[in-house]
Amino acid sequence: MSMKRTNVYADPEDLAIIKEAAKRRGISEAEIIRQGIHLAAMANRVWDEPLFSRTFEGPGRTLSKPEVRETVAEAVRRETGSGPGSTA
């Protein structure tokens, strides 16, 4: 992978932590900084598709555990075509 050089200003305390971590982990300070840049890039990436494509209607309140179980069971029955009295 080709890389591009850039200059950034960093807090001296952060640099000291990076230096210590690099020594402890046996890797270069530059590698830790590259990992941090990658994490920042991924955290700010705009994805083409939404994470959740389906929406669900609800009562506008947090459901109880039995209500959640029944709602999931209902959805499974609808999706699989099985239900009370079916031969599926």
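Residues numbered from 1 in each chain as written. Predicted model: local features only at pLDDT ≥ 70, side-chain atom pairs only at ≥ 80, totals over all residues. Heavy atoms only, no water.

An unreviewed UniProt entry lists the chain under the name Ribbon-helix-helix domain-containing protein, from Streptomyces camelliae.

## Some details on the overall build of the chain
We apply this condition: Here a strand is any run of E in DSSP of at least two residues, a helix any run of H or I of at least four, and the numbering for each starts at the N terminus. Here the radius of gyration uses the C-alpha set of atoms, whereas the globule reference equals 2.2 Å times the residue count to the power 0.38. Only protein chains enter the area calculation, which uses a 1.4 Å probe; residues under 20% of their type maximum are buried, those over 50% are exposed, and those in between are partly exposed. All accessibility values rest on the Shrake-Rupley procedure with a 1.4 Å probe; residue burial counts only the protein chains present in the view. When charges are counted, neither His nor the chain ends are considered; positive counts come from Lys and Arg and negative counts from Asp and Glu. Here the site of a charge means NZ on Lys, CZ on Arg, CG on Asp, or CD on Glu.
Across its full length, the chain carries 3 helices and 0 strands. Secondary structure elements of the chain occur, N-terminal to C-terminal, as α-α-α. In terms of overall dimensions, the chain is more spread out than a globule: its C-alpha atoms have a radius of gyration of 25 Å, far above the 12 Å expected for 88 residues. If you line up the chain on its principal axes, its C-alpha atoms span 70 × 30 × 30 Å. Taken over 88 residues, the chain has a buried fraction of 5%. Split by element, the accessible area of the chain, about 8800 Å² in all, is 56% carbon and sulfur. The average position of the 14 basic charges and that of the 13 acidic charges among the side chains of the chain differ by 5 Å.

## Digging into the packing of helix 1 (residues 12-25) against helix 2 (residues 29-43)
Selection criterion: Orientation is described by axes fitted as lines to C-alpha atoms, over the contacting stretch for helices, and by angles from 0 to 180 degrees between their N-to-C directions. For classification purposes, angles smaller than 35 degrees are called roughly parallel, those larger than 145 roughly antiparallel, those between 65 and 115 roughly perpendicular, and all remaining angles oblique. Crossings are sorted by hand: turned counterclockwise from the far helix by less than a right angle, the near helix makes the crossing left-handed, and turned clockwise it makes it right-handed. The contact rule is simple, with two residues in contact once any of their heavy atoms fall within 4.5 Å. Throughout, the ten residues Ala, Val, Leu, Ile, Met, Phe, Trp, Tyr, Cys and Pro are labelled nonpolar, Asp, Glu, Lys and Arg are labelled charged, and all others, Gly among them, are labelled polar.
One way to put it is that helix 1 packs onto helix 2 with a least axis distance of 8 Å and a crossing angle of 110°. Considered as vectors, helix 1 and helix 2 are oriented roughly perpendicular to each other. For the pair helix 1 and helix 2, the sense of crossing is right-handed. Counting all contacts with helix 1, which are made through Ile18, Lys19, Ala21, Ala22 and Arg25, the residues of helix 2 involved are Glu29, Ile32, Ile33 and Gln35. Of the residues belonging to the contact of helix 1 with helix 2, the class tally is 5 nonpolar, 1 polar and 3 charged.

## Regarding the layout of surface pockets
Selection rule: The method works on a 1 Å grid over the protein atoms by themselves. A cavity is a set of points holding a 1.4 Å probe that cannot get out, a pocket is an open set with protein on both sides within 12 Å along at least five of seven lines, and residues with an atom within 4 Å of a point line them. Grid points are joined across faces, edges and corners, and a volume is the space filled by probe spheres set on the points.
Estimated volume of the largest pocket: approximately 380 Å³. Lining the largest pocket we find Met1, Ser2, Met3, Lys4, Arg5, Thr6, Asn7, Val8, Ala30, Ile33, Arg34 and Ile37. Looking at the lining of the largest pocket, its residues break down into 6 nonpolar, 3 polar and 3 charged. Taken as a whole, the second largest pocket encloses approximately 250 Å³ of empty space. If you go around the second largest pocket, you meet 11 residues; those closest to its centre are Phe56, Glu57, Thr71, Ala75 and Arg78. Residues of the lining of the second largest pocket, tallied by class, amount to 4 nonpolar, 2 polar and 5 charged.

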